[in-house]
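Breakdown of the fold
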Amino acid sequence: MKKIIRAVITFILILSLTACGANESKKDSSSSSKQSSSAAVHKTTKSEKGLESAKVNKTKIFKYNHSEYDIAAKKVYNVSFEDTSWADTKIAIDKVEVLKTAKDYNYESDEDGTYPLQGFVRVHLAITPARDINIYPTQGLVVFNNSEQHNADST
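Another point: the pattern of salt bridges. For the structure on display, the rule yields 4 salt bridges. The closest approach of N and O atoms between Glu 68 and Lys 63, which form a salt bridge, is 4.0 Å. In this structure Lys 63 comes out as partly exposed when scored by relative accessible area, which is 39%. Taken together, the shared-partner salt bridges in this structure form one network comprising Lys 95, Glu 97 and Arg 122.

Structure below.
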């Protein structure tokens, strides 16, 4: 599991580097008017998180990308990772979930063809910007200790 946590931290570091190239808005120093901003708060539902589960022969179902996968085991790791090095933005990871499928599935990737899928790793990101930013967490790349690389995806 240390390999997975290291891979997640590598993913976040790559994410941070990717985010550095994102568009930043410039403040107009000649403008004396005050700008106000507000954000609508939305409580993410279990359905939106992909946490919907149903009991079918005591197996949990994980829904991802319009497909369902039988999950044999789930392990949640509470982690504490924070990066504040970019654009007055705090990026934090507080939870990593590892889901093991009950059997091997064939997963058809848009970029890499078809390969066996044996589980999922989900990273819970909390991104707190101090101003308007553009950040693209799903453009990150996860590099595992065995040099295997996978593009991040979003549910």
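Here we come to the packing of aromatic side chains. Counted by the stated rule, this structure contains 6 aromatic pairs. Each ring, one from Phe 62 and one from Phe 120, has its centre 4.7 Å from the other, and the planes form 50°; the classification is tilted. Of this pair, Phe 62 sits in strand E1 (residues 60–64) while Phe 120 sits in strand E4 (residues 113–129), and the two are 58 residues apart along the sequence. One exposure class covers both Phe 62 and Phe 120, and it is buried.

So, about the sheet that holds strand E3 (residues 89–109). With antiparallel pairing, the 4 strands of this open sheet are ordered in space as E1-E2-E3-E4. Since the sheet does not close on itself, it has two edges, and those belong to E1 and E4, each with one partner. Averaged over all pairs of adjacent strands, the angle between strand axes in this sheet comes to 30°, irrespective of strand direction. In the sheet, E3 pairs with E4 via 16 bridges, with the strands oriented antiparallel. Of the residues in E4, the one forming a bridge with Tyr 105 is Leu 117.

Moving on to a negative patch on the surface. Taken together, the side chains of Glu 108, Asp 110, Glu 111, Asp 112 and Asp 153 define an acidic patch exposed on the protein surface. Relative to the helices and strands, Glu 108 is located in strand E3.

Core analysis: the largest hydrophobic core is formed by 9 residues, namely Phe 62, Tyr 64, Tyr 69, Ile 71, Leu 99, Tyr 105, Tyr 107, Leu 117 and Phe 120. Of all the secondary structure elements, the ones that give two or more residues to this core are E1, strand E2 (67–86), E3 and E4. With 3 residues, E3 is the largest single contributor of residues to this core. Membership of the second largest hydrophobic core comes to 6 residues, among which are Val 79, Phe 81, Val 96 and Val 98.

Calculation rules
Residues numbered from 1 in each chain as written. Predicted model: local features only at pLDDT ≥ 70, side-chain atom pairs only at ≥ 80, totals over all residues. Heavy atoms only, no water. Salt bridge = Lys/Arg side-chain N within 4 Å of Asp/Glu carboxyl O. Buried < 20%, exposed > 50% of the residue type's maximum accessible area, 1.4 Å probe, protein only. Phe/Tyr/Trp six-rings, centres within 6.5 Å; stacked < 30°, edge-to-face > 60°. Helix = DSSP H or I, 4+ residues; strand = E, 2+ residues; numbered from the N terminus. Pairing = 2+ DSSP bridges. Axes fitted to C-alpha atoms, helices over the stretch in contact; angles between N-to-C directions. Patch = residues over 30% accessible without salt bridge, like charges linked within 9 Å, V, L, I, M, F, W, Y side chains within 5 Å. Areas by Shrake-Rupley, 256 points an atom, 1.4 Å probe, with all protein chains shown as cover. Lys, Arg positive; Asp, Glu negative; His and termini not counted. Charge placed at Lys NZ, Arg CZ, Asp CG, Glu CD. Core = buried A, V, L, I, M, F, W, Y, C linked by side-chain atoms within 4.5 Å.

These figures come from the coordinates and say nothing about function on their own.
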